[in-house]
Amino acid sequence: MIVVTMTSWVKRIENVKSVVESIMNNTVKPDRVYLNLSKTEFDGIELPKSLVDYFNSDERLVINWVEGEN
């Protein structure tokens with residue numbers, strides 16, 4: 001099983017979709033991709049709709065909300 005886990009923060013969240021798309025377009029595809037985001041850092045901040053839609057389109061993609069600072 002291939003699992004990719006990554007973390008992002010507010011200033012780079014706009015780049016995450018293209019990074020994940022690149023990962024998913026590789027010859028060897030991951031079984032799961034976890035995007036870890038800090039609940040504290042993203043409190044009151046809306047994620048880009050394109051990112052949310054992309055993650056909702058594939059069950060292998062998971063946004064994982066974690067407690068505490070990034």
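Turning next to the overall build of the protein chain. Counting its secondary structure elements, the protein chain contains two helices and three strands. Overall, the protein chain shows an N-to-C arrangement of helices and strands of β-α-β-α-β. Taken over C-alpha atoms, the radius of gyration comes to 12 Å for the protein chain, in line with the 11 Å a tight globule of 70 residues would show. C-alpha atoms of the protein chain, sized along the principal axes, occupy 35 × 20 × 20 Å. Expressed as a percentage of its 70 residues, the buried residues of the protein chain come to 31%. Partitioning the intrachain contacts of the protein chain with sequence separation of at least 6 by distance along the chain shows that 78% fall at a separation of at least 24.

Our next topic: the pairing of strand β3 (residues 61–66). Relative to β3, strand β2 (residues 32–38) is paired through six bridges, and the arrangement is parallel. Across the sheet, S38 pairs through a bridge with V66, a residue of β3.

Let us now look at the side chain of S38. On the secondary structure map, S38 appears in strand β2. The class for S38 is buried, based on a relative accessible area of 1%. There is a polar contact of 3.3 Å between the side chain of S38 and the backbone nitrogen of T40.

Conventions we followed
- Within any chain, residue numbers begin from 1 and follow the written order of that chain's sequence.
- Under the rules for a predicted model, residues below a pLDDT of 70 receive no local features and side-chain atom pairs below 80 are neither given nor counted, while totals for whole chains, interfaces and linings still include all residues.
- The side-chain figures draw on all heavy atoms in the structure; neither hydrogens nor water molecules are used.
- Helix numbering and strand numbering both begin at the N terminus, where a helix is a DSSP run of H or I of at least 4 residues and a strand a DSSP run of E of at least 2.
- Within these notes, the globule rule equals 2.2 Å times the number of residues to the 0.38 power, and the radius of gyration is based on C-alpha atoms.
- Here's how the labels work: a residue is buried when its accessible area is under 20% of the maximum for its type, exposed when over 50%, partly exposed in between, all with a 1.4 Å probe on protein chains only.
- In what follows, residue pairs with any heavy atoms lying within 4.5 Å of each other are defined as contacts.
- Should DSSP find at least two bridges between two strands, the strands are taken to pair.
- As used in this structure description, the phrase polar contact means that two N or O atoms lie within 3.5 Å; if the pair is within protein, one of them must be able to donate a hydrogen and the other to accept it, and residues adjacent in sequence are counted only when both atoms belong to side chains.

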